[in-house]
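Chain residues, written in single-letter form:
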Amino acid sequence: MIFVKSIGGSTIRDVTIKVADKKDLEFMLGLETLGIKRTVACVITFLKDQNERSSKDIEVATGLRQPEVSIAMQTLRERGWLTEHEIKSSGKGRPLKTYALRATIDEIINYCEAEKSREAARISEAFQKLKDLSSE
């Protein structure tokens, strides 16, 4: 664990952020192997063991830049794997958003497995069609 002091508006808060270990890195690489983009795999890996976390926490923990986190969140949102809440700040400015995984890791893995099965079926059909066409 590392401890980060961050400034959110005029309030300073203590945040504890988990640092990825070897198992986390292997998990992330496994997600990438299944076709999930690196940035999305990083965010999933971080959020899988967390309660709600802010975008800034995700940036610090994963080493991703803010635009990369935003794009990853959009992907998770589109797949229905993400919950988000706004925390209104006492001062001016945008409210702070916190994020958590809505989908379980098993649901995410099952989604990847189903996608790869459909892809394998499409490839198999394409091979069969080519073989059929070449034998005519």
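These figures come from a predicted structure and were not determined experimentally.

A.B. asks: In this structure, what is going on with the overall build of the chain? I would like to understand it.
C.D. replies: Scanning the chain for helices and strands turns up five helices and five strands. From first element to last, N terminus to C terminus, the chain shows the α and β order β-β-α-α-β-α-α-β-β-α. In the chain, which comprises 136 residues, the share counted as buried stands at 31%. Taking the contacts inside the chain whose residues are at least 6 apart along the sequence as the reference set, 46% of them involve residues at least 24 apart.

A.B. asks: Would you explain the side chain of Thr 98 in this entry?
C.D. replies: Assignment of secondary structure puts Thr 98 in strand β5 (residues 96-101). Of the polar contacts made by the side chain of Thr 98, one reaches the side chain of Glu 52; its length is 3.2 Å. With sequence-adjacent residues up to four places away left out, Thr 98 is seen in contact with Glu 52, Arg 53, Ser 54, Thr 83, Glu 84, His 85 and Ile 87.

A.B. asks: Explain the nonpolar core here, please?
C.D. replies: Generally speaking, a soluble globular protein has its nonpolar side chains buried in company with each other. The biggest cluster of nonpolar side chains holds 23 residues, and the ones touching the most others in it are Ile 36, Val 43, Ile 44, Leu 47, Ile 58, Met 73 and Leu 76. Taken together, the elements giving at least two residues each to this core come down to α1 (22-33), α2 (38-47), α4 (66-78), β5 and α5 (105-134). It is α2 that provides the largest number of residues to this core, a total of seven residues. The residues contacting Leu 76, other than those within four sequence positions of it, are Val 40, Val 43, Ile 44, Trp 81 and Leu 82.

A.B. asks: Help me out: how do you make sense of the packing of aromatic side chains in this one?
C.D. replies: Enumeration over the complete set of coordinates arrives at one aromatic pair. Plain terms: the ring middles of Trp 81 and Tyr 111 are 5.0 Å apart, the flat faces sit at 85 degrees to each other, and that makes the pair edge-to-face. Of this pair, Trp 81 sits in the loop between α4 and β4 (82-87) while Tyr 111 sits in helix α5, placing them 30 residues apart in sequence. For Trp 81, a relative accessible area of 6% translates into the label buried. Overall, Tyr 111 belongs to the partly exposed group, its relative accessible area being 30%. Directly above the aromatic system of Phe 27 lies the positively charged group of Lys 48, at a separation of 5.1 Å from the ring centroid.

About the thresholds
Residues numbered from 1 in each chain as written. Predicted model: local features only at pLDDT ≥ 70, side-chain atom pairs only at ≥ 80, totals over all residues. Heavy atoms only, no water. Helix = DSSP H or I, 4+ residues; strand = E, 2+ residues; numbered from the N terminus. Buried < 20%, exposed > 50% of the residue type's maximum accessible area, 1.4 Å probe, protein only. Contact = heavy atoms within 4.5 Å. Polar contact = N/O pair within 3.5 Å; in protein donor to acceptor, adjacent residues only side chain to side chain. Core = buried A, V, L, I, M, F, W, Y, C linked by side-chain atoms within 4.5 Å. Phe/Tyr/Trp six-rings, centres within 6.5 Å; stacked < 30°, edge-to-face > 60°. Lys NZ or Arg CZ within 6 Å of the ring centre and 35° of its normal.

Honestly, that's just the spatial picture; any functional story needs more than this.
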